[in-house]
Amino acid sequence: MSEIVNTEQAQAWNGPEGAHWASHQDRWNAVNEGFDAPLLDAAGITGSHRTLDVGCGAGQTTRLAALRSPRGSAHGLDLSGPMLAEARSRAALEGLAHVTFEQGDAQTHPFEPGSFDAAISRYGVMFFADPEAAFGNIGRALRPGGRLAFVCPAEPSLNGWVTAMAALRGILPLGDFAAPGLPGMFSLSSPGRVRAVLTAAGFADVAVDPVEAYGTWGKDADDAAEFLLDTGPGRHFLGQVDAAARDRARRTLTDHLRGHGAADGTIRLLSTSWLVTAVRPAGVS
Ligand SMILES: C[S@@+](CC[C@H](N)C(=O)[O-])C[C@H]1O[C@@H](n2cnc3c(N)ncnc32)[C@H](O)[C@@H]1O
């Protein structure tokens with residue numbers, strides 16, 4: 001395994017946060033699946049491409065990339081042991097022999113230089129302590145002319161799950177929850193910052209485009225509220241208040257989510273992400 005420099009993130013993703021994502025992988029895929037096709041289309045993966053999936057988690061996009069490149073390969077790298085265990089078992093169940101997974105820190109992992117045609121990520125690149133170093137390392141793993149494509153959340157106010165949690169202000173100690181900062185879910189929510197980081201990391205032709213999709217957060221409002229309150233932020237805030245406040249938070253969130261029911265009763269929230277693409281320039285070593 002590579003040297004882990006993002007130690008706090010490694011602890012979180014090998015602890016409760018990773019366990020939550022691994023055991024609720026189908027739910028997270030239902031939440032995020034609207035971004036999969038735009039991401040894979042933007043990466044331009046075909047035929048014999050070798051794809052690196054950064055922060056692959058339980059490997060949904062790694063497997064989807066592999067399906068687009070039957071004569072190539074897809075390799076997922078992640079900090080999280082529990083999520084990689086889930087990734088490996090899902091790839092085996094699907095009989096995907098050209099998918100591999102590895103535990104490591106994308107910021108420092110000793111990738112073979114120039115060994116990938118594309119690098120992708122679905123929400124796995126916002127947690128680096130040193131983003132320029134991490135994207136520089138990912139860039140060197142790409143062949144000259146190789147393509148980077150990732151999705152990361154846009155401003156918090158454009159993401160329905162944040163607005164839903166914000167309904168609990170006054171009940172839970174939300175503080176500056178979801179404020180852009182480093183490292184974290186919204187660390188790349190400013191397009192200017194994305195461009196600056198990728199340019200400093202040696203990428204060219206950086207493009208940052210908005211993409212919107214509805215995700216399914218639960219089969220009904222109770223289910224979606226329970227799920228949201230069981231995520232890392234939810235557990236963090238609930239753990240700081242008494243039982244009465246926890247009950248109030250649950251009821252308030254359920255009422256808020258009822259306003260987002262689809263015709264079949266499922267709770268659908270709109271999310272906005274940046275679809276970011278960039279190229280490793282030819283002629284760099
Ligand atoms: C929000 S989850 C997304 C997982 C997966 N891509 C998906 O869409 O289901 C973020 C993932 O990034 C991984 N991650 C965070 N920092 C990382 C790093 N420095 N190197 C490798 N993986 C990292 C975490 O372990 C976690 O699996």
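Everything in this summary refers to the structure shown in the same document. (Residues numbered from 1 in each chain as written. Predicted model: local features only at pLDDT ≥ 70, side-chain atom pairs only at ≥ 80, totals over all residues. Heavy atoms only, no water.)

Counting secondary structure elements, the chain contains twelve helices and seven strands. Projecting the C-alpha coordinates of the chain onto the three principal axes gives extents of approximately 60 × 40 × 35 Å. Of all 285 residues assigned to the chain, the portion counted as buried reaches 54%. Look at the contacts in the chain between residues 6 or more apart in sequence, and 80% of them connect residues 24 or more apart. By element, 53% of the accessible surface of the chain is carried by carbon and sulfur atoms, the whole surface being about 11,800 Å². Across the chain, the 23 positively charged side chains and the 31 negatively charged ones have centroids separated by 2 Å. (Helix = DSSP H or I, 4+ residues; strand = E, 2+ residues; numbered from the N terminus. Buried < 20%, exposed > 50% of the residue type's maximum accessible area, 1.4 Å probe, protein only. Contact = heavy atoms within 4.5 Å. Areas by Shrake-Rupley, 256 points an atom, 1.4 Å probe, with all protein chains shown as cover. Lys, Arg positive; Asp, Glu negative; His and termini not counted. Charge placed at Lys NZ, Arg CZ, Asp CG, Glu CD.)

Let us now look at unusual backbone geometry. We note that tyrosine 123 has phi near 60 degrees; this positive angle belongs to a residue other than glycine. Tracing the chain through its elements places tyrosine 123 in the loop between β4 (116-122) and α7 (131-141). A relative accessible area of 11% places tyrosine 123 in the buried class.

Lining the immediate environment of the ligand, one finds 18 residues, of which Gly55, Asp78, Asp105, Ala106 and Arg122 sit closest. At a separation of 2.6 Å, an oxygen atom of the ligand approaches a polar side-chain atom of arginine 122. Taking 600 Å² as the accessible area of the ligand by itself, protein coverage stands at 100%. Tallied by class, residues from the shell around the ligand come to nine nonpolar, six polar and three charged. (Near = heavy atom within 4 Å. Polar contact = N/O pair within 3.5 Å; in protein donor to acceptor, adjacent residues only side chain to side chain. Nonpolar A, V, L, I, M, F, W, Y, C, P; charged D, E, K, R; others polar.)

This part is about the environment of glycine 146. Checked against the element boundaries, glycine 146 lands in strand β5 (residues 142-153). Taking the relative accessible area as the measure of exposure, glycine 146 reaches 0% and is therefore buried. Through-space distance from the C-alpha of glycine 146 to that of threonine 51 is 9.8 Å; in sequence the pair is 95 residues apart. Beyond its immediate sequence surroundings of up to four residues, glycine 146 is in contact with Asp117, Ala278, Val279 and Arg280.

Turning next to the pairing of β4. Counted residue by residue, β4 has seven buried out of seven residues, so it is predominantly covered. When strand β1 (residues 50-54) meets β4, the two strands line up parallel, connected through three bridges. Paired with leucine 52 across the strands is alanine 119, a residue of β4. Alignment of β4 against β5, held across six bridges, turns out to be parallel. Bridge pairing in β5 places alanine 118 opposite arginine 147. Tracing the backbone out of β4, into α7 and back to the parallel element β5 gives a crossover that is right-handed. (Pairing = 2+ DSSP bridges. Right-handed = clockwise from strand over helix to strand, strands pointing away.)

Strands sit in the order β3-β2-β1-β4-β5-β7-β6 across an open sheet of seven strands; the sheet is mixed. Looking at strand neighbours, the two that pair on one side only are β3 (99-103) and β6 (204-218), the edges of this open sheet. Averaged over neighbouring strand pairs, the angle between their axes works out to 20 degrees when direction is ignored. In the packing of helix α10 (residues 221-230) onto the sheet, contacts are made with β6 and β7 (267-279), and the angle to β6 comes to roughly 130 degrees. (Axes fitted to C-alpha atoms, helices over the stretch in contact; angles between N-to-C directions.)

Next up on the list: the pattern of salt bridges. For the coordinates displayed, the defined rule picks out ten salt bridges. For aspartate 41, the salt bridge goes to arginine 68, with nearest N and O atoms at 2.7 Å. In this pair, aspartate 41 is assigned in helix α4 (residues 36-43) and arginine 68 in helix α5 (residues 60-68), connecting sequence segments 27 residues apart. Note that aspartate 117 is salt-bridged to arginine 50, the shortest N-O span being 3.0 Å. Note that aspartate 117 is positioned in strand β4 and arginine 50 in strand β1, a separation of 67 residues in sequence. On the basis of relative accessibility, which here comes to 9%, the residue aspartate 117 falls in the buried class. Salt bridges here are not isolated pairs; linked through shared partners, they connect Asp26, Glu86 and Arg90. (Salt bridge = Lys/Arg side-chain N within 4 Å of Asp/Glu carboxyl O.)

In terms of residue burial, strand β2 (residues 73-78) counts as a mostly covered element, since five of its six residues are buried. Tracing the backbone out of β1, into α5 and back to the parallel element β2 gives a crossover that is right-handed. Note: β2 against β3, five bridges, orientation parallel. Along β3, the bridge assignment pairs aspartate 78 with glutamine 103. Read from β2 through helix α6 (residues 81-93) to β3, the crossover connection turns out right-handed.

In the contact formed by helix α2 (residues 16-23) and helix α3 (residues 25-32), the axes pass within 4 Å of each other and the chain directions differ by 80 degrees. Comparing their axes, α3 and α2 come out roughly perpendicular. Residue-level contacts link His20, Trp21, Ala22 and Ser23 of α2 to Gln25, Trp28 and Asn32 of α3. Residues that form the contact of α2 with α3 fall into these classes: three nonpolar, four polar and no charged. (Parallel < 35°, antiparallel > 145°, perpendicular 65-115°, else oblique.)

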